[in-house]
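Single-letter residue listing:
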Amino acid sequence: MDFSFTPEQEALRRRIEAFCKKHLPRRGKQGPPPAEGSDGYDPEFHRKMAAAGLLSLGWPKEYGGEGLGRVAMAVFSEVVGLHEAPVGAVGTSVGLVGQSLFMYGSDEQKRDLLPRIARGEIVCALGITEPNAGSDAAACRTKAVLDGDVYRIAGSKIFVSSGHIADFILTLTRTDPNVPKHKGLTLFLVPTNLPGFKANRIKTMSGWVVSELQYDQVPVPPSAMVGGLNQGWVCLTKSLGEERTGLGGTRNMKRLLGEMIVRARETTPNGRRVWEDDTIRRAIAEFATKLEIARLLYYQAAWLQENKLPFDIPAAISKLFTSELYHECADVGGLVLGPEAQVTAASPSAPLRGKIEYLHRHCPASTIGGGTTQIQKNIIAIRGLGLPSGKE
Ligand SMILES: Cc1cc2nc3c(=O)[nH]c(=O)nc-3n(C[C@H](O)[C@H](O)[C@H](O)COP(=O)(O)OP(=O)(O)OC[C@H]3O[C@@H](n4cnc5c(N)ncnc54)[C@H](O)[C@@H]3O)c2cc1C
């Protein structure tokens, strides 16, 4: 078993490191403050990443990529996470919609859209969740009805990442209400400049912004259909598998670990350094151990995917582990910082620029977005281990 990276992947890591150092604003050793009121999208940084070829590293050259594969995309995600780079729309444009088009889009859609995503010219989002259809996405009520030479889409979506800035929404619709719910679904890539489409920002409790989308008889040409009529569920499961791979890894937690250790060394609340406390030292060690596990699970899922091996269950395990680890990260931050963990970034004296306080508000999103913890456990139990679904 070989856990090392190839020379190309090592070179890529250095290239992304150099890019981040060059293009991100100079920061103090504690990094940037949390993204209050942000959607994580920085158009200028996005364009710079595109110009440097970083958005499409994994895609074949014919679609504007570099053909480096799925592990290369994981390396990208790890490095930008370490640098806390504003990569908000990358996950939805490249990881979700781009990869989906790549897996089941038509040749024309791939030729038209993938290079534009790679060049950073367009932003895309995935609209599945509805007020009454979240974990059970197949309960989708948004309708697409053929009316002359267009499909008219009517309904709404909620909690869509990057939906308010997107040029296209890959939208799950019901096209046949007379068959079992999983069978009558179709995906359309809806341009957001069509009449009847509206996107509103939703600010979540951490300040992170997602969106609510309204479709009021939006006229969409049949050429916008992706993956075939009534093939939406089969296609969507591929996209969600891809999303799960993308939501694993150490992300910004490795940086936070380093900052917490510095803080534990430099702070002496009762005349003793924080890191001399056994409980705190062990909590840091346990968190660091789990971060290594998260990293291995992440690269394993990406490697399996790259090598066209079954990756769905490893990706669910990776997503579950990383998203739960965010809660532990916030808890360890609470131990290291003590009462100061509650000080927000708005206060100039906030330790770690308020990142631990922010994380306490933001970590619930990680265990919901991309499929909740309970749904990941269902996937692992039922599909992975063959346990009963409880519905028989
Ligand atoms: C930050 C963030 C970003 C998001 N981005 C997107 C996006 O880009 N596009 C998009 O379409 N959606 C997005 N979502 C929505 C997300 O996918 C849904 O919120 C999620 O799938 C859960 O659906 P729900 O909110 O309707 O909860 P529900 O499905 O109503 O679940 C409520 C609770 O019941 C539990 N539950 C439900 N069914 C089961 C079951 N079968 N077994 C055990 N427990 C169950 C859930 O785990 C949860 O705890 C995002 C959400 C967040 C928080």
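A.B. asks: Sorry if this is basic, but what is going on with the overall build of the protein chain here?
C.D. replies: From N to C terminus, the protein chain includes 11 helices and 8 strands. Radius of gyration (C-alpha) of the protein chain: 22 Å, near the 21 Å computed for a compact globule of 392 residues. The principal-axis extents of the C-alpha atoms in the protein chain amount to approximately 75 × 45 × 45 Å. Put simply, the protein chain has 392 residues, and 46% of those count as buried.

A.B. asks: Just checking my understanding: could you explain the packing of helix α9 (residues 312-337) against helix α10 (residues 355-366) for this structure?
C.D. replies: In helix packing, the relevant descriptors are the interaxial angle and the interaxial distance, both defined with respect to the helix axes. The N-to-C vectors of α9 and α10 enclose an angle of 165°; their axes lie 8 Å apart at closest approach. One finds that α9 runs roughly antiparallel with respect to α10. The handedness of the crossing between α9 and α10 comes out as left-handed. Here α9 contributes S323, Y326, H327, C329, A330, G333, G334 and L337 to the contact with α10, which in turn contributes I356, L359, H360, C363 and S366. Among the residues forming the contact of α9 with α10, the class breakdown is 7 nonpolar, 6 polar and no charged.

A.B. asks: Would you explain helix α4 (residues 88-104) in this entry?
C.D. replies: Residues spaced three or four apart along an α-helix point in a common direction, a consequence of the helix completing one turn every 3.6 residues. Helix length check: α4, at 17 residues, gives a terminal C-alpha distance of 24 Å against a target of 24 Å (1.5 Å per residue), a fit within 8%. The principal kink in α4, of about 30°, is found at G98. Of all the 17 residues making up α4, 15 are buried; the element is thus mostly covered by neighbouring parts of the structure.

A.B. asks: Whenever I open this one, the nonpolar core confuses me. Can you help?
C.D. replies: One recurring pattern in soluble globular proteins: nonpolar side chains tend to sit buried together. Residues F76, L170, F188, V190 and C329 are the most contacted members of the largest nonpolar core, which totals 106 residues. If you tally residues by element for this core, the top one is α9, at 12 residues.

A.B. asks: For this particular structure, what's the right way to read the domain arrangement of the protein chain?
C.D. replies: In many reports, interface size means the accessible area that the parts give up when they come together. On domain assignment, one finds that the protein chain holds domain 1 (7-123), domain 2 (126-230) and domain 3 (247-384). Once you take the C-alpha centre of each, domain 2 and domain 3 turn out to be 32 Å apart. Its residues placed into classes, the side of domain 2 that touches domain 3 shows 2 nonpolar, 3 polar and no charged.

A.B. asks: Would you explain the site of the ligand in this entry?
C.D. replies: Every one of the 20 residues lining the ligand counts as a neighbour, but G134, S135, G369, T372 and Q374 are closest to it. Broken down by secondary-structure element, the contributors of at least two residues to the shell around the ligand are β1 (124-127), β3 (150-160) and α11 (373-384). Residue composition of the shell around the ligand, grouped by class: 9 nonpolar, 11 polar and no charged. Counting contributing residues, the shell around the ligand receives three or more from each of domain 2 (126-230) and domain 3 (247-384).

A.B. asks: Could you clarify how one ought to interpret the environment of P388 in this entry?
C.D. replies: Along the chain, P388 turns up in the segment after α11. For the pair P388 and N378, spaced 10 residues apart in the sequence, the C-alpha separation amounts to 9.6 Å.

A.B. asks: Got a minute to help me understand the environment of E328 in this structure?
C.D. replies: When you line up the elements, E328 lands in helix α9. C-alpha separation for the pair E328 and R295, spaced 33 residues apart in sequence, amounts to 15 Å. The residues touching E328, leaving out its near neighbours within four places in the chain, are F287 and K290.

A.B. asks: In this structure, what is going on with helix α1 (residues 7-23)? I would like to understand it.
C.D. replies: The terminal C-alpha atoms of α1 lie 24 Å apart, and with 17 residues this matches the ideal 24 Å at 1.5 Å per residue to within 8%. Against the buried residues of α1 lie α3 (70-82).

A.B. asks: Before we go on, may I ask you to explain the pairing of strand β6 (residues 197-203) in this structure?
C.D. replies: For a regular strand, side chains alternate in direction, first toward one face of the sheet and then toward the other. For β6 and strand β7 (residues 209-220), the ladder comprises 7 bridges, and the chain directions are antiparallel. Within the sheet, the bridge partner assigned to K198 lies in β7 and is Q214. Turn length for the β6-β7 hairpin, with the two strands adjacent in sequence and antiparallel, is 5 residues, and the turn residue G207 shows positive phi of about 100°.

A.B. asks: For this particular structure, what's the right way to read the packing of α4 against helix α5 (residues 107-118)?
C.D. replies: Their axes nearest at 10 Å, the elements α4 and α5 cross at an angle of 160°. One way to sum up the angle between α4 and α5 is to call them roughly antiparallel. Judged by the twist between their axes, the crossing of α4 over α5 is left-handed. Two secondary-structure elements touch here, α4 through S93, V94, G98, L101 and F102 and α5 through Q109, K110, L113, L114 and I117.

A.B. asks: Whenever I open this one, unusual backbone geometry confuses me. Can you help?
C.D. replies: Across residues other than glycine, the phi torsion is negative in most instances, and most of the peptide bonds are trans. Backbone geometry places E84, a non-glycine residue, at a positive phi of 50°. Of note, E84 is situated in the loop between α3 and α4. Even without being glycine, R353 reaches a positive phi, approximately 50°. Residue placement: R353 occurs in the loop between α9 and α10. Assessed through the 21 C-beta atoms surrounding it within 10 Å, R353 is described here as buried.

Conventions we followed
Residues numbered from 1 in each chain as written. Predicted model: local features only at pLDDT ≥ 70, side-chain atom pairs only at ≥ 80, totals over all residues. Helix = DSSP H or I, 4+ residues; strand = E, 2+ residues; numbered from the N terminus. Rg over C-alpha atoms; globule rule 2.2 N^0.38 Å. Buried ≥ 20, exposed ≤ 12 C-beta atoms within 10 Å, placed from the backbone. Axes fitted to C-alpha atoms, helices over the stretch in contact; angles between N-to-C directions. Parallel < 35°, antiparallel > 145°, perpendicular 65-115°, else oblique. Left-handed = near helix turned anticlockwise from the far one by under 90°. Contact = placed C-beta atoms within 7 Å. Nonpolar A, V, L, I, M, F, W, Y, C, P; charged D, E, K, R; others polar. Expected span 1.5 Å × (residues − 1). Bend = angle between axes of the 7 residues up to and from the residue. Core = buried A, V, L, I, M, F, W, Y, C linked by C-beta atoms within 7 Å. Domains from an automatic or database assignment. Near = placed C-beta within 6 Å. Pairing = 2+ DSSP bridges.

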